[in-house]
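Structure at a glance
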Amino acid sequence: MQNGSSGLLAANAATAVNRILSSGYFTAPVAETDPLIADAIAGELARQQDVIELIASENIVSRAVLDAQGSILTNKTVEGYPGKRYHAGAAHVDIVERAAIERACRLFGCAHANVQPHSGSQANHAVWHALASPGDTLLSMDLNAGGHLSHGADVNCSGRWFRVVNYGVRADSGLIDYDEVVDLARRHQPRIVVAGGSAYPRALDFAAFRRAADVAGAKLVVDMAHFAGLVAGGAHADPFPHADVVTTTTYKSLRGPRGAVILWNDAALTKRIDNAVFPGLQGTPYLHVLAAKAVALGEALRPEFRAYAEAVLANARGLAARLRQHGHALVGGGTDTPLMLVDLRPQGLAGGPAAQSLERAAIIANMNPIPSDAADRKVMSGLRFGVSGATTRGFGRAEFDVVGDLIAEVLAALQRGPDTAAVERSVAERATALARRFPIYG
Ligand code: DSN
């Protein structure tokens, strides 16, 4: 009796599976199977095509990167590293991961790379896990001065694990005071000194950070997420040989998929870092993303990427100069990276409402804290702009002059207030027309 009913269940299940297969399960596009999601993707494509995208942590990836990320590699599970996997069937994904490692090392001139971190925060946490223990001291940049949440902010795990000491920037210049960094390192004897962050616009003096690390016998970790594309393209100083470990996301100026890599030279760190990523923090790497990282790193190794990096820097400096001409205050006085930070306090504006008004004008940016920001964290006093994405679509200096003018027009309307709708509509028309002159994805 029991055999009979389980046989019937199995037959019904097999029929149901066959029905699913013959309904086009493996072949029907998402537009047919899931219109809600397909429409959202189409809407997002249209949005990306029609706005001027200035979020510093975004870029526009190539069709090849999209192809790799949208590939069947998403089906594969492995744990461990090439040649040392816990799951069978890894021959092809081993080729992918080895290629990503080799390209990352060649691009950044280092001996070792771990390409598995799912994100910049994961990469940073893996490095903390590899180099330090809970309770150790971390010397990093204050979040308001341009640091990053994963560098010991009190709302992040890193802030709970470590005793965190922050350096900031000078009130008069908005620049890092390297004597302060060395002095803090001497007094607090950190295990790790962290350089880099998510909103510091100027070049970092890696040799000075090395001095700070050396007075404490600390490791120097450089998070180059925002300017990695410039390092790759020779438009920014190289963190090696000063840094012990370098982390970077792959999706900002590096123009790859979401995710991150960890880079280092000392073979003695290899086991610690690899073990910290897996099994320390992560399980299976996203192999489809890993393939997309390999493709993007391959693109960054081509000579054209040097021209892109130079254009990003020229465009960033051009936009910063244009905003200054319009009377806006730039934290640090300008930029040596793809990003800049506008202090809105002289205009009596806040970052949140300014970003919302710009969005209505088809210009996309994010509110950001500025050094010593006293404003509520829900609105903040700054706006951060980055040029990597618009540079990818072909904007040059002339277009960024127009972008600077459009931003200034919106901010001036906000300052005059209260009704900004007409200006926002007018700017939106011009911003979208400009964006459409540089089409993306067909
Ligand atoms: N760290 C965030 C940023 O800079 O916008 C995300 O990458």
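Here, every reference points to the structure presented above.
To keep things clear, this report deals only with the structure shown in the data block. Quantities reported herein were computed from a predicted structural model and do not represent experimental measurements. (Residues numbered from 1 in each chain as written. Predicted model: local features only at pLDDT ≥ 70, side-chain atom pairs only at ≥ 80, totals over all residues. Heavy atoms only, no water.)

Turning our attention to the overall build of the protein chain. When helices and strands are counted, the protein chain shows 17 helices and 15 strands. In terms of overall dimensions, the protein chain is globule-like: its C-alpha atoms have a radius of gyration of 24 Å, near the 22 Å expected for 442 residues. With the C-alpha coordinates of the protein chain rotated into their principal frame, the extents come out at 85 × 60 × 45 Å. Out of the 442 residues belonging to the protein chain, those deemed buried represent 53%. For the protein chain, the proportion of contacts with a sequence separation of at least 24, taken over those separated by at least 6, is 74%. Charged side chains in the protein chain number 42 positive and 42 negative. The centres of these two groups are separated by 3 Å. (Helix = DSSP H or I, 4+ residues; strand = E, 2+ residues; numbered from the N terminus. Rg over C-alpha atoms; globule rule 2.2 N^0.38 Å. Buried < 20%, exposed > 50% of the residue type's maximum accessible area, 1.4 Å probe, protein only. Contact = heavy atoms within 4.5 Å. Lys, Arg positive; Asp, Glu negative; His and termini not counted. Charge placed at Lys NZ, Arg CZ, Asp CG, Glu CD.)

Here we take up helix α12 (residues 287-300). Across its 14 residues, α12 extends 20 Å between first and last C-alpha, which sits within 8% of the 20 Å expected from 1.5 Å per residue. For α12, the buried fraction is high: 13 of the 14 residues fall into the buried class. (Expected span 1.5 Å × (residues − 1).)

Let's shift gears to the site of the ligand. Taken together, S57, H148, S198, H226, Y251, K252 and R384 form the complete shell of residues around the ligand. Taking S57, its side chain carries an N or O atom lying 2.7 Å from an oxygen atom of the ligand. Measuring from an oxygen atom of the ligand, one finds a side-chain N or O atom of H226 at 2.9 Å. Looking at the shell around the ligand, its residues break down into 1 nonpolar, 4 polar and 2 charged. (Near = heavy atom within 4 Å. Polar contact = N/O pair within 3.5 Å; in protein donor to acceptor, adjacent residues only side chain to side chain. Nonpolar A, V, L, I, M, F, W, Y, C, P; charged D, E, K, R; others polar.)

Turning next to the sheet that holds strand β12 (residues 339-343). An order of β11-β12-β15-β14 is seen for the 4 strands of this open sheet, with the pairing classed as antiparallel. Edge positions in the sheet fall to β11 (329-330) and β14 (366-368), since each has one partner strand and no second. Strands in contact with helix α14 (residues 351-360) are β14 and β15 (382-386); relative to β15, the strand with the most contacts, it is inclined by about 45 degrees. (Pairing = 2+ DSSP bridges. Axes fitted to C-alpha atoms, helices over the stretch in contact; angles between N-to-C directions.)

A few words on the environment of H288. Locating H288 in the fold gives a position in helix α12. Measuring from C-alpha to C-alpha, the distance between H288 and E409 comes to 43 Å, with 121 residues separating the pair along the chain. For H288, the contacting residues outside a window of four places in its chain are A68, Q69, S71, L73 and T74.

This part covers the nonpolar core. By size, the foremost hydrophobic cluster in this structure holds 106 residues, and its most contacted members are F108, I176, F209, L263, F385 and I407. The leading source of residues in this core is helix α13 (residues 303-325), at 9 residues. Aside from chain neighbours lying at most four places away, what touches F108 is M224, A228, V231, A232, D238, F240, L254, L263 and L297. In terms of nonpolar packing, the next biggest core, distinct from the first, is built from 22 residues, A126, L138, F162 and I262 among them. (Core = buried A, V, L, I, M, F, W, Y, C linked by side-chain atoms within 4.5 Å.)

Two elements in contact, helix α5 (residues 91-108) and α12, have axes separated by 8 Å at closest approach and are oriented at 35 degrees. The interaxial crossing formed by α5 with α12 has left-handed handedness. Counting all contacts with α5, which are made through V93, V96, E97, A100, R103, A104, L107 and F108, the residues of α12 involved are L287, L290, A291, A294, V295, L297, G298 and A300. Of the residues belonging to the contact of α5 with α12, the class tally is 13 nonpolar, 1 polar and 2 charged. (Left-handed = near helix turned anticlockwise from the far one by under 90°.)

A cis amide bond links F240 with the next residue in sequence, P241, at an omega value of 10 degrees. As for its position among the elements, P241 is in the loop between α10 (228-232) and β9 (245-249). Here the residue pair G417 and P418 is connected by a cis peptide bond, since its omega of -15 degrees sits within 30 degrees of zero. Relative to the helices and strands, P418 is located in the loop between α16 (397-416) and α17 (421-436). Phi is positive for Y441, close to 55 degrees, though the residue is something other than glycine. If you trace the backbone, Y441 turns up in the segment after α17. Judged by its relative accessible area of 25%, Y441 is partly exposed.

A separate point is the side chain of S140. Summarising the element assignment, S140 is placed in strand β5 (residues 137-141). For S140, a relative accessible area of 0% translates into the label buried.

Looking now at the pairing of β15. For β15, a buried count of 5 out of 5 residues is recorded, marking the element as mostly surrounded by other parts of the structure. Residues G382, R384 and G386 of β15 are buried on one face, and the alternating residues L383 and F385, pointing to the opposite face, are buried as well. Where β12 lies against β15, 5 bridges are found, and the strand directions are antiparallel. Residue pairing in the sheet places V342 in a bridge with L383 of β15.

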